[in-house]
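Single-letter residue listing:
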Amino acid sequence: MVHNPMVHDPVFLEIFSNDRINGFLEAALDEHCILYACTSSSMPPHGTNYSGRIHVDCPRVIPGYPTNIGFLIAFDDFTRENGATYFLPRSFERTDPPDDAEFFDNAARPLPRAGDAILFNARTWHMGGQNKTDRYRHAFTMNVCRSYMRQRFDYPRLLGEGLLETLDERALKRLGYRVRVPVDLDEYYVPPEQRLYLGGQG
Ligand SMILES: [Fe+2]
């Protein structure tokens with residue numbers, strides 16, 4: 001698992017400018033949604049990884065109101081043999097974990113091809129499978145949350161001010177650059193368009 005792969009290769013920043021990806025994320029949450037976390041997800045040959053347990057990617061349930069969306073991009077074809085993720089359909093509002101029998105009897109196993117993506121309510125009970133092949137299976141995952149929530153990392157501080165000059169507005173918003181908070185009165189008393197916190201006001 002590589003945390004924050006865009007720190008290692010800027011090609012991963014393109015995900016946050018991608019219109020199709022942003023369209024799905026904004027439809028699922030809203031136009032102000034921000035990145036909570038992102039990592040690579042590689043399933044080693046003849047093994048599994050940290051996702052290989054029945055779990056959810058979000059601790060809270062607010063009925064009828066998703067706070068976190070999972071988005072997985074397959075870099076290799078997912079197959080039943082190389083560890084394709086199990087999802088328990090419609091399980092996103094239940095707080096009690098399903099037992100193994102219920103989970104495996106009812107789980108769905110979508111099989112994205114390389115380049116396909118899966119979007120899911122991050123409260124859905126799910127689990128990475130076992131890779132029974134001789135090859136790694138690679139993917140990218142991110143978790144996107146509401147604009148007024150905290151990010152797992154302080155992405156604007158991690159990625160730096162330089163991106164303000166190079167990234168488009170949608171990517172800046174997604175990475176959290178529009179929900180920063182002022183550090184002092186000089187940063188607080190500024191014209192509305194220069195405010196550090198713009199998210200969720202519209
Ligand atoms: Fe997960």
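Quantities reported herein were computed from a predicted structural model and do not represent experimental measurements.

Engineer: Looking at this model, I keep getting lost on the packing of aromatic side chains. Mind explaining?
Structural biologist: The way to describe two aromatic rings as a pair is by their centre distance and the angle between their planes. For the coordinates displayed, the defined rule picks out eight aromatic pairs. The interplanar angle of 85° and the centroid separation of 5.2 Å between the aromatic rings of Tyr 86 and Phe 104 together place this pair among those described as edge-to-face. Of this pair, Tyr 86 sits in strand 3 (residues 86–87) while Phe 104 sits in helix 2 (residues 100–106); the two residues are 18 residues apart in sequence, bridging distant segments of the chain. The exposure class assigned to Phe 104 is partly exposed, which follows from its relative accessible area of 37%.

Engineer: Got a minute to help me understand the coordination of the iron ion in this structure?
Structural biologist: Listed as protein donors to the iron ion are His 55 (NE2), Asp 57 (OD), Asp 57 (OD) and His 126 (NE2); their distances from the metal cover 2.2 to 2.8 Å. Every donor residue of the iron ion comes from the same chain, spaced as H-x1-D-x68-H. Of this pair, Asp 57 sits in the loop between strand 1 (34–43) and strand 2 (68–74) while His 126 sits in strand 5 (residues 126–127), and the two are 69 residues apart along the sequence. Relative accessible area serves as the criterion here: at 29%, Asp 57 is assigned to the partly exposed category.

Engineer: Would you take a moment to explain unusual backbone geometry for this structure?
Structural biologist: It is generally the case that most residues other than glycine have a negative phi and that most peptide bonds are trans. One non-glycine residue, Asn 4, lies in the positive phi region at around 50°. Considering the arrangement of structural elements, one finds Asn 4 in the segment before helix 1 (19–28).

Engineer: I would appreciate a short explanation of the environment of Asp 184 in the present structure.
Structural biologist: By the secondary structure assignment, Asp 184 is in the loop between helix 5 (169–175) and helix 6 (185–188). By relative accessible area, which is 39% here, Asp 184 ends up partly exposed. A polar atom in the side chain of Asp 184 sits 2.9 Å from the backbone nitrogen of Glu 187.

Engineer: What is the right way to look at the sheet that holds strand 4 (residues 117–121) in this model?
Structural biologist: Through backbone hydrogen bonds, the strands of a sheet pair up, either in parallel or in antiparallel fashion. As summarised here, the arrangement of the four strands in space is 1-6-2-4, forming an open sheet in which the pairing is antiparallel. Among the strands making up the open sheet, the edge pair consists of strand 1 and strand 4. With strand direction ignored, the average angle separating the axes of adjacent strands in the sheet is 20°. Bridge analysis of strand 1 against strand 6 (residues 137–145) gives nine bridges, and the strand direction is antiparallel. Among the inter-strand pairings, Cys 38 is bridged to a residue of strand 6, identified as Met 142.

Engineer: I would appreciate a short explanation of a nonpolar patch on the surface in the present structure.
Structural biologist: A contiguous nonpolar patch, built from Val 7, Phe 153 and Leu 158 and spanning about 230 Å² of accessible area, is present on the exposed surface. Tracing the sequence through the fold places Leu 158 in helix 3 (residues 155–159). For Leu 158, a relative accessible area of 39% translates into the label partly exposed.

Calculation rules
- Residues numbered from 1 in each chain as written.
- Predicted model: local features only at pLDDT ≥ 70, side-chain atom pairs only at ≥ 80, totals over all residues.
- Heavy atoms only, no water.
- Phe/Tyr/Trp six-rings, centres within 6.5 Å; stacked < 30°, edge-to-face > 60°.
- Helix = DSSP H or I, 4+ residues; strand = E, 2+ residues; numbered from the N terminus.
- Buried < 20%, exposed > 50% of the residue type's maximum accessible area, 1.4 Å probe, protein only.
- Donors = N, O, S within 2.8 Å, 3.2 Å for Na, K, Ca; no water.
- Polar contact = N/O pair within 3.5 Å; in protein donor to acceptor, adjacent residues only side chain to side chain.
- Pairing = 2+ DSSP bridges.
- Axes fitted to C-alpha atoms, helices over the stretch in contact; angles between N-to-C directions.
- Patch = residues over 30% accessible without salt bridge, like charges linked within 9 Å, V, L, I, M, F, W, Y side chains within 5 Å.
- Areas by Shrake-Rupley, 256 points an atom, 1.4 Å probe, with all protein chains shown as cover.
- Salt bridge = Lys/Arg side-chain N within 4 Å of Asp/Glu carboxyl O.

Honestly, it's all geometry; don't read function into it.
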